[in-house]
Amino acid sequence: MGFGRGLGQWFSRCRGPRAGPPLKECCLKLGWHSNSPTPPPSLVQNGINIYSLTVDSKVSSRFAHTVVTSRVVNRANIMQEATFQVELPKRAFITNFSMVIGGVTYPGNIKEKAAAQEQYSAAVARGESAGLVKASGRKTEQFQVSVSVAPAAKVTFELVYEELLQRHLGAYELLLKVQPRQLVKHLQMDIHIFEPQGISFLETESTFMTNELADALNVSQNKTKAHIQFKPTLSQQKSPGQQDTVLDGNFIVRYDVHRTVSGGSIQIESGYFVHYFAPEGLPTIPKNVIFVIDKSGSMRGRKIQQTREALIKILDDLSPNDQFNLVSFSGEAAQWKPLLVPASAENVNQARSYAASIQTQGGTNINDAMLMAVQLLDSANQKELLPEGSVSLIILLTDGDPTMGETNPARIQKNVKEAIDGQYSLFCLGFGFDVSFAFLEKLALDNGGLTRRIYEDSDSTLQLQDFYQEVANPLLTAVTFEYPSNAVEKVSRDNFRLLFKGSEIVVAGKLRDQSPDVLSAKVRGQLHMQNITFQTESSVAEQEKEFQSPKYIFHSFMERLWAYLTIQQLLEQMVSASDAEKQALETRALNLSLQYCFVTPLTSMVVTKPEGKEWSEVAEKPVETRGIYTDPVLTQRQGCRGQAGASGKTPSDLWRAGPQGPLNSPHPYPLMAGKSLLPDMLLAPSIPDEVFRGVDLRAKDAPQARVPAVASDPVTGRIWERKASGSSTDLSQSAKTTSPPAPIQAPAVILMLPGQSVDRLCVDIKHSQGPMNLLSDPDQGVEVTAQYETEKAQFSWIEVTFKNPQLQVRAIPEHVVVTRNRRNSAYKWKETLFSVIPGVKLTMDKAGLLLLSSPDRVTIGLLPWDGPGEGLRLLLRDTDRFSSRVGGTLGQFYQDVLWGPPAAADDSKRMLRVQDLEYSATRLLKLDYQEGSPGTEISCWSVEL
């Protein structure tokens, strides 16, 4: 979200569709921009200044209505250009945009795309950027519009968009972008959530939160409602020692609702109903899965390496009741085994070896590979080798177009559809941006599956694993919804091939005028070995009453939810429909898009600027094809049903009313009383000194002054080495004949030992075979395991597992992976992180120190150390919280440790006894990594394990 002025070529490069640096680098969100990425305060004050920015998002029964309102003023004495930018989720539909300039309202006008083409072409002819919406990331699209602002004039921008939150691996996710790029006097974000089923958990994640900004968050939550408010002051927004803002990144809210075995919840509002279905406690259906892996030459390098890694992990996750096989292909296709095999430990180990040996070469023969996979399933089916009631899946991973064998995409789609014949489900994963996404999308939708793009990045392996987790646990097949014909009409899609664990099926419709007082529904499906029917009833009067409060819902939202869902499903059906069917589906989707003012791939929004009606820009919904999105179009028309902005007026009201004054109500909906809701996962910078406040990091018997182990006299040039005893040796005389001393190393682990005569112990690991259990405390519900490479003297990975909440944090040199509810999130080292899940807080500062803490647990730290003895490092704080049952390679030192006196012959040596084991400890110089690079020299007792 952003506003600013552009100076000369820099701004034109930002607006050009292909020229200049990447969009993220040159186009500022929610902020001022000029030739300098960070303008001096004086320029901000004299140029375009944002004095108010509000984000109001209301989530009612998974349907999110978000209003972004920005007020800017031109403080310069000449005309300036203000740019308004908002990043919104890809699945969202823009429903309204307006500008108020000089007391006149300029609304967007939503039209059929063809009707907007004239203005679109005219804008292109003038050399303007006609696309106001562009793809901006994996999950977002960017809306941008610019307008000239007279000296001292004010402009109000308002954008409204809506989306139905999808359940993914057991959670709904609301994504908001916050990037003002300048300090804002009035900055406020409000998120209201209302879920009649009850909120079972809520957590948030942010990439900009700091300890200071966390104080600007207020949280309130009860059984069915939650409110998150973020309202930072100017001082809280400032970067340390600078005048620019620290607000730059994502704010994500994740939550789920309570469910029953029946799994159904029917909600009713303003004559429309929505039926949510996600039953709990169902057993997983056994599956037969064929993995079809592209090993053509274009997969060479990182792609195939990440594919191998993901495939090996996925094979480990197969259930013993599953059957599987592998097909790899380039110019020709080859199957791993002649038949599907059970996912036994022996077969999985063999498959892992096969996957690890896949090498890239040749072209891309998708047709033969797919037909081979289908034939494997057909053969097993004919021989009655597929278990009764099991589910058969084909998962295709490719990064390119067909180049060998049958290369016509339409014929390949036809061949595969005829071969599958509705018996199996096909899921397509398109790796990177060279793949034809439209080709794979139709291939999957024709055969009851879906398509995902796998983005080339360090976390591609995790993306593949996450997708597999989505389809790994089928619960029901042949799911159908039934309602009394005299009660409902205009029902959205009501039959589905599969329901997977962690997902949800949503059906919506309209109540008939003479509908019964109680709406009943039946959901039929097939379990592993039997048919099953779920029954649900809902009182119309009680449901209507539940959605009456204006404080936390957007009214008539259920009608709009129905329209949104229906449009999405019609667009999806168009992909695999015949030409005759496609026209009818398109007409229905277009009419609904216009009726409810949604900017969809079939509509456009024309934004008219105050320079005159001929100055118009057009925005269209981006459509993903070959990794590129078409320029989007914004549109809005009179009489859109149930749609209003923050002003409370529909677009038609604004149009009929003519010139308007500024939209002066930043919060049109009253806020819920009480504190606001704190997100459970927030990212932000943190400073080790603050984290370790009150902790003495120095050993009691360590020297007070910390100096480098090797130092150079600035006057004489002599090199001195400091000994642990405190004496120094002049190395200059022997420099010609001896090499410089080796740098002092950081130990593998520094242990803080509370209540001991020696409060700090340096541990080096000299002997390690396989994964090590470093710590295990059943009372704390925490376990730390790791792999130590003795040759490199570093941890190759460290893994921390919590039992409650169920959470796993795995650190490798490249990044940290947080796994919760089978969902993986990867964070690069030295990215800011401030994350609060109920029971555990995760923080990472810009030095890369990741801390896992909670009020009653030991604090565990992970750090990428790039000093001498580089590698991952482990830190422990609050170790007095360990229970008496703590164990493990390091945990043993938190039992009864007995120290012997210094040896008579050498006071730098001591013995210590831990249970039945004795260790020799030596006083050595080590680098303390706990305060960050480059580390400080300490003298500590060191043991080798």
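Each chain carries its own residue numbering, running from 1 in the written order of its sequence. Local features in this predicted model are restricted to residues of pLDDT 70 or higher, and side-chain atom pairs are both shown and tallied only at a pLDDT of 80 or more, whereas totals for entire chains, interfaces and linings draw on every residue. Here the side-chain values reflect all heavy atoms present in the structure, with hydrogen atoms and water set aside.

(A) Structural detail: the overall build of the protein. The helix count covers DSSP runs of H or I at least four residues long, the strand count covers runs of E at least two residues long, and both are numbered beginning at the N terminus. Within the protein one finds 17 helices and 51 strands. To sort residues, take the accessible area from a 1.4 Å probe on protein chains only and compare it with the maximum for the residue type: under 20% means buried, over 50% means exposed, and anything in between is partly exposed. Counting every position in the protein, which comprises 945 residues, the buried fraction comes to 58%. In these tables, accessible area is a Shrake-Rupley quantity obtained with a 1.4 Å probe, and a residue counts as shielded only by the protein chains included in the view. Accessible surface for the protein amounts to roughly 38,000 Å². Of this, 50% is attributable to carbon and sulfur atoms.

(B) Quick peek at empty space enclosed by the protein. Residues are called lining when one of their atoms sits within 4 Å of a cavity or pocket point, these points coming from a 1 Å grid over the protein atoms alone, where a cavity is a set in which a 1.4 Å probe fits but cannot get out and a pocket is an open set with protein on both sides within 12 Å along at least five of seven lines. Grid points are joined across faces, edges and corners, and a volume is the space filled by probe spheres set on the points. Enumeration over the complete set of coordinates arrives at five cavities of 30 Å³ or more. Of the volumes computed, that of the largest cavity is approximately 100 Å³. Phe291, Ile293, Thr307, Ala310, Leu311, Ile314, Ile395, Leu397, Leu429, Leu464, Phe467 and Tyr468 are the residues that line the largest cavity. Secondary structure elements with two or more residues in the lining of the largest cavity: strand S17 (287-294), helix H7 (302-316), strand S21 (391-398) and helix H12 (460-471). Per-element tally for the lining of the largest cavity: the top contributor is H7, with four residues.

(C) Here's a closer look at the packing of helix H9 (residues 366-382) against helix H10 (residues 409-420). All axes are obtained by fitting lines to C-alpha atoms, using only the stretch in contact for helices, and the reported angles, taken between N-to-C directions, cover 0 to 180 degrees. In contact at an axis separation of 10 Å, H9 and H10 are set at 0° when each is read in the N-to-C sense. As judged from the angle between their axes, H9 and H10 are roughly parallel. Touching Asn367, Met370, Leu371, Val374 and Asp378 of H9 are Ile412, Asn415, Val416, Ala419 and Ile420, all from H10. When its residues are assigned to classes, the contact of H9 with H10 shows seven nonpolar, two polar and one charged. Note on terminology: angles under 35 degrees are roughly parallel, angles over 145 are roughly antiparallel, angles of 65 to 115 are roughly perpendicular, and the others are oblique. The criterion used for residue contact is that any of the two residues' heavy atoms lie within 4.5 Å. Any residue outside Ala, Val, Leu, Ile, Met, Phe, Trp, Tyr, Cys, Pro, Asp, Glu, Lys and Arg is labelled polar, Gly included; the first ten of those are nonpolar and the last four are charged.

(D) Just the side chain of Asp777, in detail. Considering the arrangement of structural elements, one finds Asp777 in strand S37 (residues 772-777). Residues scored as charged are limited to Lys and Arg (positive) and Asp and Glu (negative), so that His and the chain ends carry no count. Any carboxyl oxygen of Asp or Glu within 4 Å of a side-chain nitrogen of Lys or Arg constitutes a salt bridge here. Of the buried charged residues, Asp777 lacks a salt bridge, with Arg885 as the closest side chain of opposite charge at 5.9 Å. Identification of polar contacts relies on pairs of N or O atoms within 3.5 Å, with a donor-acceptor requirement for protein atoms, meaning one able to donate a hydrogen and the other able to accept it, and with residues adjacent in sequence counted only if both atoms are side-chain atoms. Separated by 3.1 Å, the side chain of Asp777 and the backbone nitrogen of Asp779 make a polar contact. Dropping the residues within four chain positions of it, Asp777 is found in contact with Val782, Phe882, Ser883 and Val886.

(E) Just the confidence of the model for the protein, in detail. What pLDDT expresses is the predictor's confidence in each residue, scored from 0 to 100. Here the protein shows a mean pLDDT of 80. Residues at 70 or above account for 80%. Ignoring residues within four places in sequence, the model shows residues 1-46, a span with pLDDT below 50, making 118 contacts including any to other chains. In this model residues 627-638 is a low-confidence stretch, pLDDT under 50, and it forms 76 contacts with partners more than four residues away in sequence or in other chains.

(F) Just the pattern of salt bridges, in detail. Tallied over the full model, the rule gives 37 salt bridges. Of the charged contacts in the structure, one is a salt bridge between Asp446 and Lys442, with a shortest N-O distance of 3.3 Å. Given the relative accessible area of 12%, Asp446 is considered buried. Between Lys792 and Glu789 there is a salt bridge whose closest N-O contact spans 3.8 Å. We classify Glu789 as partly exposed; its relative accessible area is 28%. Counted as one network, the salt bridges with shared partners bring together Arg62, Arg167, Glu195, Asp256, Arg259 and Glu504.

(G) Structural context of unusual backbone geometry. For the bond from Asn804 to Pro805, the omega torsion is 0°, close enough to zero to count as cis. Secondary-structure assignment places Pro805 in the loop between strand S39 (794-802) and strand S40 (807-811). You will see that Ala152, though not glycine, has its phi angle at about 65°, which is positive. Mapped onto the fold, Ala152 is located in the loop between strand S7 (140-149) and strand S8 (154-164). Although it is not a glycine, Cys597 adopts a positive phi angle of roughly 60°.

(H) Highlighting the nonpolar core. Buried residues of nine kinds, namely Ala, Val, Leu, Ile, Met, Phe, Trp, Tyr and Cys, make up a nonpolar core once their side-chain atoms join them within 4.5 Å. Counting residues in each nonpolar core, the largest one holds 94 residues, and the members touching the most others are Phe97, Phe143, Phe157, Phe230 and Phe251. If one sorts the elements of this core by residue count, helix H14 (residues 557-576) sits on top with eleven residues. Counting residues in each nonpolar core, the second largest holds 67 residues, with Ala746, Leu842, Leu852 and Val858 among its members.

(I) Representation of H12 within the structure. The end-to-end C-alpha distance of H12 is 17 Å, a good match for the 16 Å that twelve residues give at a rise of 1.5 Å each. Counting buried positions over the twelve residues of H12 gives twelve, a clear majority of the element. Expected helix span is computed as 1.5 Å times (number of residues minus one).

(J) Region of the structure containing the packing of H14 against helix H15 (residues 579-595). The interhelical angle for the contact between H14 and H15, taken along N-to-C directions, is 155°, at an axis separation of 9 Å. What the angle tells us is that H14 and H15 run roughly antiparallel. For H14 against H15, the interelement crossing comes out left-handed. In contact with Trp562, Thr566, Ile567, Leu570, Leu571, Gln573 and Met574 of H14, H15 contributes Lys582, Leu585, Glu586, Arg588, Ala589, Leu592 and Ser593. Grouping the constituent residues of the contact of H14 with H15 by class yields eight nonpolar, three polar and three charged. Here a crossing is taken to be left-handed if its near helix is turned anticlockwise relative to the far helix by less than a right angle, and right-handed if that turn runs clockwise.

(K) Region of the structure containing the side chain of Glu470. Mapped onto the elements of the fold, Glu470 is located in helix H12. Take Glu470: its relative accessible area is 16%, and that puts it in the buried class. In this structure, Glu470 is in contact with His168, Leu169, Arg452, Phe500 and Lys501, ignoring residues within four places of it in sequence.

(L) Representation of the sheet that holds S7 in the model. Ordered by their spatial adjacency, three strands build an open sheet running S3-S7-S6, and the pairing between neighbours is antiparallel. On the outer flanks of this sheet lie strand S3 (80-89) and strand S6 (133-135), each paired with one strand and no other. Within the sheet, the average angular offset between the axes of one strand and its neighbour, ignoring direction, is 25°. Two strands pair when backbone bridges link them, and S3 and S7 are joined in this way by ten bridges, in the antiparallel orientation. Bridged to Val86 within S7 is Phe143. The pairing criterion for strands is at least two bridges between them, as found by DSSP.

(M) Looking closely at the packing of aromatic side chains. Aromatic contacts are taken between Phe, Tyr and Trp rings whose centres are within 6.5 Å, Trp giving its six-membered ring; a plane angle under 30 degrees counts as stacked, one over 60 as edge-to-face, and the others as tilted. Under the criterion given, the structure shown has 29 aromatic pairs. The criterion is that NZ of a Lys, or CZ of an Arg, lies within 6 Å of the ring centre and within 35 degrees of the ring normal, and then a charge sits over that ring. Across from the ring centre of Tyr51, 5.1 Å away, lies the NZ or CZ of Lys154, which sits over that ring.

(N) Expanded view of the environment of Ser220. Positionally, Ser220 belongs in strand S12 (residues 217-221). Once the C-alpha coordinates of Ser220 and His192 are considered, the two residues, 28 residues apart in sequence, prove to be 9.9 Å apart.

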